[in-house]
2 protein chains.
Amino acid sequence: MTLSEKQFRPVAVPAVSVGGFWGKWQDAVCDETASILLDRCIAAGMLQAIDPDQPSPGVVIPLHNMSPSKPESERKARVSTQMFWDSDFAKSIETIAYALYRKRNPELERRADEIIDLYEKLQQPDGYVNSWFQRVQPGRRWTNLRDHHELYCAGHMIEAAVAYFQATGKRKFLDIMCRYVDHMLTVFGHGPDRLAGYCGHPEIEMALVRLARTTGNQKYMDLSKFFVDERGTQPHFFDEEAARDGRNPKDYHFKEYDYCQAHLPVREQKQVVGHAVRAMYLYSGMADIATEYQDDSLTSALDMLWDDLTTKQMYVTGGIGPSASNEGFTDYYDLPNDTAYAETCASVALVFWASRMMGRGPNRRFADIMEQALYNGALTGLAMDGKTFFYDNPLESTGRHHRWKWHHCPCCPPNIARLVASVGSYMYAASDDDIVVHLYGESEARLELAGGAKVHLAQQTAYPYEGRINFSLGLTASARFTLSLRIPEWAEGATLAVNGERLDLKAIEVDGYARIERQWEDGDTVVLDLPMALRPLYAHPKVRQDAGRVSLMRGPLVYCAEEVDNGADLSAFRIGEAPNVAATVVLDDLNGAVALDLDVRRNSVEAWGNALYRGTPPEAEASRLRLVPYHLWDNRAAGSMLVWFQAK
Amino acid sequence: MTLSEKQFRPVAVPAVSVGGFWGKWQDAVCDETASILLDRCIAAGMLQAIDPDQPSPGVVIPLHNMSPSKPESERKARVSTQMFWDSDFAKSIETIAYALYRKRNPELERRADEIIDLYEKLQQPDGYVNSWFQRVQPGRRWTNLRDHHELYCAGHMIEAAVAYFQATGKRKFLDIMCRYVDHMLTVFGHGPDRLAGYCGHPEIEMALVRLARTTGNQKYMDLSKFFVDERGTQPHFFDEEAARDGRNPKDYHFKEYDYCQAHLPVREQKQVVGHAVRAMYLYSGMADIATEYQDDSLTSALDMLWDDLTTKQMYVTGGIGPSASNEGFTDYYDLPNDTAYAETCASVALVFWASRMMGRGPNRRFADIMEQALYNGALTGLAMDGKTFFYDNPLESTGRHHRWKWHHCPCCPPNIARLVASVGSYMYAASDDDIVVHLYGESEARLELAGGAKVHLAQQTAYPYEGRINFSLGLTASARFTLSLRIPEWAEGATLAVNGERLDLKAIEVDGYARIERQWEDGDTVVLDLPMALRPLYAHPKVRQDAGRVSLMRGPLVYCAEEVDNGADLSAFRIGEAPNVAATVVLDDLNGAVALDLDVRRNSVEAWGNALYRGTPPEAEASRLRLVPYHLWDNRAAGSMLVWFQAK
């Protein structure tokens, strides 16, 4: 079997225990975020919304359409974020499930069980379960897949059900969702009484793959493939659906179906467009199907989309979707820093997609970006204490952008929480006789190869702050397999040794992974050393917002400057081509993060005088600039923040 | 009498004829804009709105409040741009009046007369005249001065009436408005049955000064002073008015009264805040009152506000008010280029204010900014052919910002049109024995001094494209007076000669004006030479959006680059500290504008490769950059535009 014929499926979350950097984050989720998510969902009214014994809450959050810039007369009530409440609840339960792997918590488990019991009560005899369309708009089931997030909610509930089953062994939620999907199997498909449709907001696709992998039910897998295959085909389902529902298809508020990536059949899509989270969720589902069906036509479409995103439309943080108006993509190379939308969910979803792109084999083309999005675009969405959140993630702030306690559209908090709590499953992957380490970090993985060999693989490391990773292997018996370790593209000069013997990295590197194929023995050690030099990064000359600017990374971390360390006027700092790190400082008030103190120049505000404009450039003076990891900004005193500095 | 005790009043528009640069613009207004304004006002329904013999049009444009970002439930119908229609009609008539000075046009005059006849028919016996509150909300007269633009509309109608009287000698409109103001004199004031109020949108203040100057009626002047003096005093009129009207004063959608500059008594205001046009109109009225009453307390408040605006809150174009959400000011030094609101009306109004700041004496501190705002921030609002308009004026465009034919809030088109058509009155000013030239341009002014001496002052010049200005004086008799000529701060190395004899500029310069005090004879000549070097301009280091950037001016003109001349990726160009002008080119397709071809460097897009980010800065290559005057952008092929270039 060649590498390209292999199928790499994610390692189950309980198979990995993390410590160090991620351990602290997971503790914050276990100790704070998990219960906060439930508290805030319930405070919003979600418990009442799903409880058939309570009166329907009705429309709590006003119906709105998505184009608030239109004059009032053209606006028609359309959707409410309340329609997505099932998904918010589900992602919270998924987070709790992962939290329970790490730390048993009977009270949290009881609260989750209570919600699951209500869903059981809510579920209709035919299997259908959706709180909005049962309790607020009961006549509207399956009438508007384009706008109403119906399958999207089901998808998140499926993911939660799988996670909860794996965490607790309790089947109730899983059974509820299997019954629901069994019902879907009678609704969707080709033929006179079937809907050949799919959801306006993808998510169900990857959820069904997960359900199929867990239950072994191929019909679930095939339904996912059906949704993928139908999307964007002609005659267009959304047109027909609207006509059946008495709506004018032309009234679509986003005008074109590229908003929800239904403008073309998925295999013909070449450009990443529309709503960023929808795009990432769709591509994630497509990648799962490509892996499961070894579908080269999907893989090659995805390859093109990957390039499109990562070479023309991605912030250096791995943030994506610059625009608030469509929560998504605009023009190539349009990457405004201060108004960046770069939704937390979108970077979380980019991690999902990147990870799934390696279902057919490890490749740092995907893994490097996965890591970049994880540590920067995504993780920034969660405060260090796990209690507050960012929805949008600008790369520059004048000091007015702050973490909030909750949001009228609370999709991001449980999304980043479930990612953090399950991060171990993104670190490792396994095929029949392959173990792959995609991400580094203090952790222990308990893996099993096709032949039954059990491998206990431990990483001892202060990564991402230090570049040395000590691996130790525990084996019940000697075994031959390939251990693949990612060598990030940025890690120039990396070294690798097995049992103290240095390997020739170049000779064994395939797609950016060092492939160590050998007979492994219990107690073997591997030492990987990744240089942690500060790296200036410049943007493509077409990125007008970054022209003449430079950003700084160290390892996988984007660094930024905050007002609390550097005073205001951060754009007065000027970074030379080879910035000198005068000191690295461990900051106890930032979870032991490594801050970098740089010798730089700074345009003098004091020497300038009062004029707003003048004929000579500002005087530059020697200065010191403290950088901290971008994902930790706004965790101390409020103030301005900057990622892209004046270069010179 | 010292200079500071003098009062400089504007020269009447008919006293100046302009040719050259401004002549072409005035021809466009006479030949196109003037009638287009009426056409579009009428197409919107404005004629029907004021005609008492037609049914009331009702609410044509939906009522809205000014915070569209609020959830629907919190939105309450509040105002409609239709409430301002009288002002749009009025500014159009004012434009027509000025156009008639330049070119008689019986058809235009007939159309204006027809509108004036309707206003005469509409006027109530008590003198009140406002189409909205007579025909759409008849019970709401004087109930909400804060939001309803009632006195604002009256102000524009007064200005139009004065202009139309001066242009045609016809008194009808003037008499209508005098009757209306006589009615106001019974409504406003102190005492039990009077309103001690003022308009949420200033304008009436300067209009009443103009009416008083024209009619000699001191009561009109005093009413203006009353509005100025009452503004922002406690107990607050807007609070009391709201309470009387059954509204909660706290429901104000802009939260604080600084939006309409009524947060403090005007003499205590130190910071330029809120809606930009309202601010400029208020300060203009204050400056008029300061001049007429020689009110030092107003003058010193205005001096502080002037500094605040021009040293912390003004674009290099003289554009002001960066934010769309309040159509106004935000934080000091917050000057985003691509999202700049910088409403045309705001720069027009800055010209008004600057001009009025010189009511107590010429000072280039005001005149330089007046010229900068006139040629750049304001004039950009009108297309070269007089047919289309800009409302907001960004300093950077990716190619999506274009001139439009009309706007749901059509305040800008007639505002820039009336300014262009009356520009002569901003060029010259006169006191008893002083003649001042604030602005240069091919023109002839017919002036009269206090002693009765008549002075015919002509400028022969290709300004603003060339810096030599030849003045000739025609006098019926020899006369002693001071001719003051502005020496712009940028004109380093300017020279001045009278009858061929060079003067020592330094010796006679007062507040940036060369004061030539002598016995003048018929046929005297003055030659002023202003160097027209290209001037790089850098912004204060606190302006984050311009950090590492440079803009370019020549004379009073800001220059920009357009895609049509330079291809896309304008931010790839890099301008050194002493840019070399390789050629000046006269562009026939831009009204004979002088374009500048610069030898520059440019970041190579071609050499960069495909990566979105990389460790080395872009390669720079020699290139040629064509600059055109900013006010002429988007007059040829659509495309991107840039004012602030990478500096280096």
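Residues numbered from 1 in each chain as written. Chains lettered and ligands numbered in written order. Predicted model: local features only at pLDDT ≥ 70, side-chain atom pairs only at ≥ 80, totals over all residues. Heavy atoms only, no water.

1. Regarding the pairing of strand β16 (residues 549–554) of chain A
Residue and element names in this part refer to chain A. Burial runs high along β16: 6 of the 6 residues are buried. Residues R549, S551 and M553 point to one face of β16 and V550, L552 and R554 to the other, with burial holding for every one of them. The pairing of strand β15 (residues 534–539) with β16 spans 4 bridges and is antiparallel. Among the inter-strand pairings, L534 is bridged to a residue of β16, identified as R554. Bridging between β16 and strand β24 (residues 645–647) involves 2 bridges; their strand directions are antiparallel. Across the sheet, V550 pairs through a bridge with F645, a residue of β24. Where β16 and strand β17 (residues 557–562) come together, 3 bridges link them in antiparallel fashion. (Buried < 20%, exposed > 50% of the residue type's maximum accessible area, 1.4 Å probe, protein only. Helix = DSSP H or I, 4+ residues; strand = E, 2+ residues; numbered from the N terminus. Pairing = 2+ DSSP bridges.)

2. Quick word on the sheet that holds strand β14 (residues 525–529) of chain A
Residue and element names in this part refer to chain A. Pairing is antiparallel in the open sheet, where 7 strands are placed in the order β2-β6-β7-β8-β14-β10-β11. Pairing within the sheet leaves two strands with one partner each, and these edge strands are β2 (16–18) and β11 (501–502). In terms of strand pairing, strand β7 (residues 454–461) meets strand β8 (residues 468–475) through 7 bridges, oriented antiparallel. Residue pairing across strands places Q459 opposite F471, the latter belonging to β8.

3. Comments concerning the packing of helix α3 (residues 85–102) of chain B against helix α4 (residues 106–122) of chain B
Residues and elements named next belong to chain B. Two elements in contact, α3 and α4, have axes whose closest approach is 10 Å; the angle formed by their N-to-C orientations is 145°. With respect to the hand of their crossing, α3 and α4 are arranged in left-handed fashion. Contacts between α3 and α4 involve D86, F89, I93, I96 and L100 from the former and L108, E109, A112, I115, I116 and Y119 from the latter. Residue classes in the contact of α3 with α4 are distributed as 9 nonpolar, no polar and 2 charged. (Axes fitted to C-alpha atoms, helices over the stretch in contact; angles between N-to-C directions. Left-handed = near helix turned anticlockwise from the far one by under 90°. Contact = heavy atoms within 4.5 Å. Nonpolar A, V, L, I, M, F, W, Y, C, P; charged D, E, K, R; others polar.)

4. Regarding helix α15 (residues 412–421) of chain B
Taking burial as the measure, the 10 residues of α15 of chain B include 10 buried ones, the bulk of the element. Here α15 of chain B has its buried residues at C412, P413, P414, N415, I416, A417, R418, L419, V420 and A421 of chain B.

5. Things to note about the relation of the copies chain B and chain A
Superposing chain B onto chain A takes a rotation of 180° plus a shift of 0.0 Å along the axis, which leaves an RMSD of 0.0 Å. Expressed as a symmetry operation, the mapping of one chain copy onto the other fits a two-fold axis. Both copies share a contact surface, since 100% of the interface residues of chain B are interface residues in chain A too. (Least-squares fit on C-alpha atoms with pLDDT ≥ 70 in both.)

6. Focus on the packing of aromatic side chains
Evaluation of the coordinates by the stated rule reveals 70 aromatic pairs over all chains. A ring pair is formed by F21 of chain B and Y465 of chain B, whose centres lie 5.9 Å apart and whose planes are at 65°; its orientation type is edge-to-face. Note that F21 of chain B is positioned in helix α1 (residues 20–44) and Y465 of chain B in the loop between β7 (454–461) and β8 (468–475), a separation of 444 residues in sequence. Taking relative accessible area as the criterion, F21 of chain B reaches 13% and is therefore assigned buried. Over the ring of Y293 of chain A we find K225 of chain A, and its NZ or CZ is 5.5 Å from the ring centre. (Phe/Tyr/Trp six-rings, centres within 6.5 Å; stacked < 30°, edge-to-face > 60°. Lys NZ or Arg CZ within 6 Å of the ring centre and 35° of its normal.)

7. Structural notes on the confidence of the model for chain A
All names here are of chain A. For chain A, per-residue confidence averages 95 on the pLDDT scale, and residues scoring 70 or more make up 97% of the total. Below pLDDT 50 for its whole length, residues 66–77 participates in 20 contacts with residues either more than four positions away or in separate chains. In the predicted complex, the global pTM is 0.94; the interface-specific ipTM is 0.95. (pLDDT = per-residue confidence, 0-100.)

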